[in-house]
Amino acid sequence: MKIGILSIYLHSNYGGILQVYALQTYLKNLGHDAIIIDGGRYSNPSLVKDFKKTIHWIMVEIKQRRFPHLHECSSFNHHNLTHFVSQHMKLLNKHDVKDIKAEEFDAIIVGSDQVWRKYPHVKDIAYYFLDFTSKWNIKRISYAASFGSDEWQYSVEETGRCGDMLKKFSSIS
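Numbers given for residues are sequential positions, taken from 1 along each chain in its written order. This being a predicted model, a pLDDT of at least 70 is required before a residue's local features are given, and a value of 80 or more before pairs of side-chain atoms are given or counted; all residues contribute to the totals for chains, interfaces and linings. Processing note: side-chain calculations cover all non-hydrogen atoms of the structure and skip hydrogens and water entirely.

Visitor: Whenever I open this one, the pattern of salt bridges confuses me. Can you help?
Guide: Think of it this way: side chains of opposite charge can pair up when their charged atoms draw near. Each reported salt bridge corresponds to a side-chain nitrogen of Lys or Arg within 4 Å of a carboxyl oxygen of Asp or Glu. Taken as a whole, this structure holds three salt bridges when the rule is applied. In this structure, D33 engages K90 in a salt bridge whose closest nitrogen and oxygen atoms are separated by 2.7 Å. Placement of D33 in strand 2 (residues 33-38) and of K90 in the loop between helix 3 (74-88) and strand 3 (91-93) is noted, with a sequence separation of 57 residues between them. In this structure, the salt-bridge partner of K118 is E158, at a minimum N-O distance of 2.9 Å. Here K118, found in the loop between strand 4 (107-113) and strand 5 (139-145), pairs with E158, found in helix 4 (residues 156-166); they are 40 residues apart in sequence, far enough to count as distant. Working definition: with a 1.4 Å probe on protein chains only, accessible area under 20% of the residue-type maximum means buried, over 50% means exposed, and in between means partly exposed. For K118, a relative accessible area of 34% puts it in the partly exposed group. The way it works is that DSSP assigns letters per residue, a run of H or I at least four long becomes a helix, a run of E at least two long becomes a strand, and they are numbered from the N terminus.

See the structure below:
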């Protein structure tokens with residue numbers, strides 16, 4: 001089965017990358033073709049750009065009389081994570097979900113973690129509710145998805161919309 005995985009976007013978040021890597025690895029071990037749907041952030045990493053940022057960060061640390069610990073440098077970590085993702089994870093780089101065709105997948109898994117949390121950088125809540133697949137004949141599965149907050153963040157209208165989209169899921173965990 002060809003399975004798309006939609007998770008919190010891959011940036012310098014170790015936990016996010018490890019959980020989606022673990023899910024992809026597990027699905028592959030079961031014999032599935034598992035692909036992480038990504039907006040292309042890892043398709044062309046710039047080593048030179050990251051190197052310049054790292055050097056700048058080191059210089060600032062030294063000027064402030066601190067010993068630079070590279071694990072604290074975000075651009076250094078970003079490059080390491082980028083390298084890990086490009087070497088160990090299978091990605092479908094699409095800048096827009098409208099570029100994804102229904103026949104590319106038999107199922108899409110959304111999760112894990114706080115994929116349904118209302119984030120300011122996510123313009124449309126429907127994305128992680130797989131609304132872009134509403135006319136596709138595929139399985140929609142949530143895997144350990146959560147709203148990630150002890151306070152409800154959605155309006156009454158958005159809550160109704162979330163409920164309608166969740167009804168289209170084959171399985172929710």
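Moving on, there is more to tell.
Visitor: Honestly, the nonpolar core in this entry has me stumped. Any pointers?
Guide: A general trend in soluble globular proteins is that nonpolar side chains are found buried together. Of all hydrophobic cores here, the largest spans 25 residues; its most connected members are L6, I100, I108, V110, W116 and F132. Two residues form a contact once any of their heavy atoms are found within 4.5 Å. Apart from the residues lying within four places of it in its own chain, the contact partners of L6 are I37, I108, I109, V110, G111, Y127, Y128, L130 and F132. Ranked by size, the runner-up nonpolar core spans 13 residues in total, among them L27, A34, I36 and I109. In these notes, a set of buried Ala, Val, Leu, Ile, Met, Phe, Trp, Tyr and Cys residues joined through side-chain atoms within 4.5 Å is what counts as a nonpolar core.

Visitor: What is the right way to read helix 4 from this model?
Guide: For helix 4, the complete set of buried residues consists of E158, C162 and M165. Buried residues of helix 4, viewed axially, fall in a sector of 65°; they line one side. More than 90 degrees from the buried face of helix 4, the exposed residues found are V156 and E157. This arc is built from the directions going out from the helix axis to the C-beta atoms.

Visitor: Explanation requested: the environment of K139 in the structure shown.
Guide: With respect to the helices and strands, K139 occurs in strand 5. You can call K139 partly exposed: its relative accessible area is 43%. The spatial distance from the C-alpha of K139 to the C-alpha of S170 is 5.7 Å, given a sequence separation of 31 residues. Setting aside residues up to four positions removed in sequence, K139 forms contacts with M1, D106, A107, I108 and S170.

Visitor: Help me out: how do you make sense of the pairing of strand 1 (residues 2-6) in this one?
Guide: Where a strand is regular, its side chains alternate between the two sheet faces. The buried count for strand 1 comes to four of five residues, which makes it a mostly enclosed element. One requirement defines pairing of two strands: DSSP has to find at least two bridges between them. Pairing analysis gives four bridges linking strand 1 to strand 2, with the strands arranged parallel. Bridge pairing in strand 2 places I3 opposite A34.

Visitor: Is there a simple way to explain the pairing of strand 5 in this structure?
Guide: Alignment of strand 4 against strand 5, held across six bridges, turns out to be parallel. Among the inter-strand pairings, A107 is bridged to a residue of strand 5, identified as K139. Sheet analysis places strand 5 next to strand 6 (residues 171-172), joined by two bridges and oriented parallel. Among the inter-strand pairings, S142 is bridged to a residue of strand 6, identified as I172. The definition of a right-handed crossover adopted here requires that, viewed with the strands pointing away, the path from the first strand over the helix to the second runs clockwise. Handedness of the strand 5-helix 4-strand 6 crossover: right-handed.

Visitor: What is the right way to read unusual backbone geometry from this model?
Guide: Glycine aside, residues mostly have negative phi, and peptide bonds are mostly found in the trans state. Of the consecutive residues G111 and S112, the connecting peptide bond is found in the cis state with omega at -5°. Inspection of the secondary structure puts S112 in strand 4. A positive phi is found at A144, a non-glycine position, where the angle reads about 50°. Within the secondary structure, A144 sits in strand 5.

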